[in-house]
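Notes for the structure review
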Amino acid sequence: MSQRYASFREFYPYYLSEHSDRTCRRLHFIGSASVLGVLGAVIAGALSPWWLLSLPLIGYGFAWVGHFFFEKNRPATFTYPLYSLIGDWVMFKDMLIGRIRF
């Protein structure tokens, strides 16, 4: 993982290769959807703004369980934090529209 990527476009194929396990992808999807749900509930006033502090734990918690227990690799977040965050949301969108198998 010592390669450096000049753009997200170069990074995304690598990111997808680190998410070949279907359960890992599903856990990423659940984490991202939960982040959106909590964010929406805070905006709607159904949850206290303190819940915003839980968003990293919710999002990364599901993803890291997927990596450590199913994919059996080290999350790219540790080496490429910004590209990985972007990758999470692009993969979420790609799963929603059917470009990536859920």
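Residues numbered from 1 in each chain as written. Predicted model: local features only at pLDDT ≥ 70, side-chain atom pairs only at ≥ 80, totals over all residues. Heavy atoms only, no water.

A complete count under the given rule lists 17 aromatic pairs for this structure. On the basis of an interplanar angle of 50° and a centroid distance of 5.0 Å, the ring pair of Trp64 and Phe78 is categorised as tilted. Linking Trp64 in helix H3 (residues 55-71) with Phe78 in the loop between H3 and helix H4 (81-96), this pair joins segments that are 14 residues apart in sequence. Judged by relative accessible area, which is 27%, Trp64 ranks as partly exposed. On the basis of relative accessibility, which here comes to 38%, the residue Phe78 falls in the partly exposed class. Chaining the aromatic ring pairs together yields one cluster made of Tyr5, Phe8, Phe11, Tyr12, Tyr14, Tyr15, Tyr80 and Tyr83. (Phe/Tyr/Trp six-rings, centres within 6.5 Å; stacked < 30°, edge-to-face > 60°. Helix = DSSP H or I, 4+ residues; strand = E, 2+ residues; numbered from the N terminus. Buried < 20%, exposed > 50% of the residue type's maximum accessible area, 1.4 Å probe, protein only.)

We now examine the side chain of Glu71. In this fold, Glu71 is placed in helix H3. At 2.9 Å, the side chain of Glu71 forms a polar contact with the side chain of Ser20. From its side chain, Glu71 meets the backbone nitrogen of Asp21 in a polar contact 2.9 Å long. With near-sequence residues (within four places) excluded, Glu71 lies in contact with Glu18, His19, Ser20, Asp21, Cys24 and Gly66. (Polar contact = N/O pair within 3.5 Å; in protein donor to acceptor, adjacent residues only side chain to side chain. Contact = heavy atoms within 4.5 Å.)

Turning to the pattern of salt bridges, a few remarks are in order. One pass over the structure, following the stated rule, counts two salt bridges. For Asp94, the salt bridge identified is with Lys93, shortest N-O distance 2.9 Å. On the basis of relative accessible area, Lys93 is assigned to the partly exposed category, the value being 36%. For Arg99, the salt bridge is made with Asp94, and the minimal N-O distance between the two is 3.1 Å. Looking at Arg99, the relative accessible area reads 58%, which means it is exposed. Counted as one network, the salt bridges with shared partners bring together Lys93, Asp94 and Arg99. (Salt bridge = Lys/Arg side-chain N within 4 Å of Asp/Glu carboxyl O.)

Purely geometric stuff here, so don't read any function into it on its own.
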